Amino acid sequence: EVFGSGSRCVEHVTGARPLCLEVKCGEAGAEAGKVVLVVGGGKTRMRCEYTGQELRLPGGTEVVCPSFEQTCPESICPANCAGRGRCDFTQSPAACECFDRDDSTPLCLASPWSFSPTASPRPTDSAMPSAAPT
């Protein structure tokens, strides 16, 4: 176990007492946006692909991956870029890269929604409308 400013306690799969390990917030490449558990005295890095994933450590102990958002809050883009961009974890702090290249707002709020609202070209006259095409 590792105790210190760079460690976090992660849950055992069995529900036993949490295990404290060195944890890194992935910033680049395949580790970007992922929680990385550092074990074996710093020799082995194990990447959590998603929250709740079960990983078997080299010693055989199984742990549950913590959420990136809770473990690395400083690495999350505010408001998830309003759904109009992607979070660029290579920047420090993480920043939104808007889908609309002309949008320079920090949350991509000047970007149009990625889909247009739709309306039926001809309203129905039926008292019992159906979803089936006519």
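Residues numbered from 1 in each chain as written. Predicted model: local features only at pLDDT ≥ 70, side-chain atom pairs only at ≥ 80, totals over all residues. Heavy atoms only, no water.

### Looking at the state of the cysteines
One pass over the full model with this rule turns up 6 disulfides. Two residues share a disulfide in this structure: Cys77 and Cys87, whose sulfurs sit 2.2 Å from each other. The chirality of the disulfide connecting Cys77 with Cys87 is right-handed, given an S-S dihedral of about 85 degrees. Taken together, the residues Cys77 in the loop between helix H1 (68-71) and strand E7 (85-88) and Cys87 in strand E7 connect sequence positions 10 residues apart. (Disulfide = S-S within 2.5 Å. Helix = DSSP H or I, 4+ residues; strand = E, 2+ residues; numbered from the N terminus.)

### So, the side chain of Thr71
On the secondary structure map, Thr71 appears in helix H1. For Thr71, a relative accessible area of 9% puts it in the buried group. A distance of 2.8 Å separates a polar side-chain atom of Thr71 from the backbone oxygen of Ser67. Those residues in contact with Thr71, other than ones at most four positions away along the chain, are Arg8, Val23, Cys25, Val35 and Pro66. (Buried < 20%, exposed > 50% of the residue type's maximum accessible area, 1.4 Å probe, protein only. Polar contact = N/O pair within 3.5 Å; in protein donor to acceptor, adjacent residues only side chain to side chain. Contact = heavy atoms within 4.5 Å.)

### Looking at the pattern of salt bridges
This model, assessed by the stated rule, comprises 7 salt bridges. Across the pair Glu97 and Arg86 runs a salt bridge, and its minimum N-O distance is 3.4 Å. Of this pair, Glu97 sits in strand E8 (residues 95-98) while Arg86 sits in strand E7, and the two are 11 residues apart along the sequence. Taken together, the shared-partner salt bridges connect Lys34, Arg47 and Glu49 into one network. (Salt bridge = Lys/Arg side-chain N within 4 Å of Asp/Glu carboxyl O.)

### Here's the deal with the sheet that holds strand E4 (residues 44-47)
Within the open sheet, the 6 strands sit side by side as E4-E3-E2-E1-E6-E5. Their pairing is antiparallel. Here the strands that pair on one side only, and so sit at the sheet edges, are E4 and strand E5 (54-56). On average, each strand axis in the sheet is inclined to that of its neighbour by 50 degrees, with strand direction left out of account. (Pairing = 2+ DSSP bridges. Axes fitted to C-alpha atoms, helices over the stretch in contact; angles between N-to-C directions.)

### Considering the environment of Asp100
By secondary structure assignment, the location of Asp100 is in the segment after E8. By relative accessible area, which is 25% here, Asp100 ends up partly exposed. In this structure, the C-alpha to C-alpha distance between Asp100 and Ser111, residues 11 residues apart in sequence, is 5.7 Å. Excluding anything up to four places from it in sequence, Asp100 contacts Ser111 and Pro112.

### Describing the pairing of strand E2 (residues 19-25)
Both strand E1 (residues 7-12) and E2 contribute to a ladder of 4 bridges, which runs antiparallel. Directly across from Val10, in E2, lies its bridge partner Leu19. Remark: 6 residues form the turn of the hairpin made by E1 and E2, two consecutive strands paired antiparallel; Gly15 in that turn has positive phi of roughly 90 degrees. Across 4 bridges, the pairing between E2 and strand E3 (residues 35-39) is antiparallel. What sits directly across from Lys24, in E3, is Val36.

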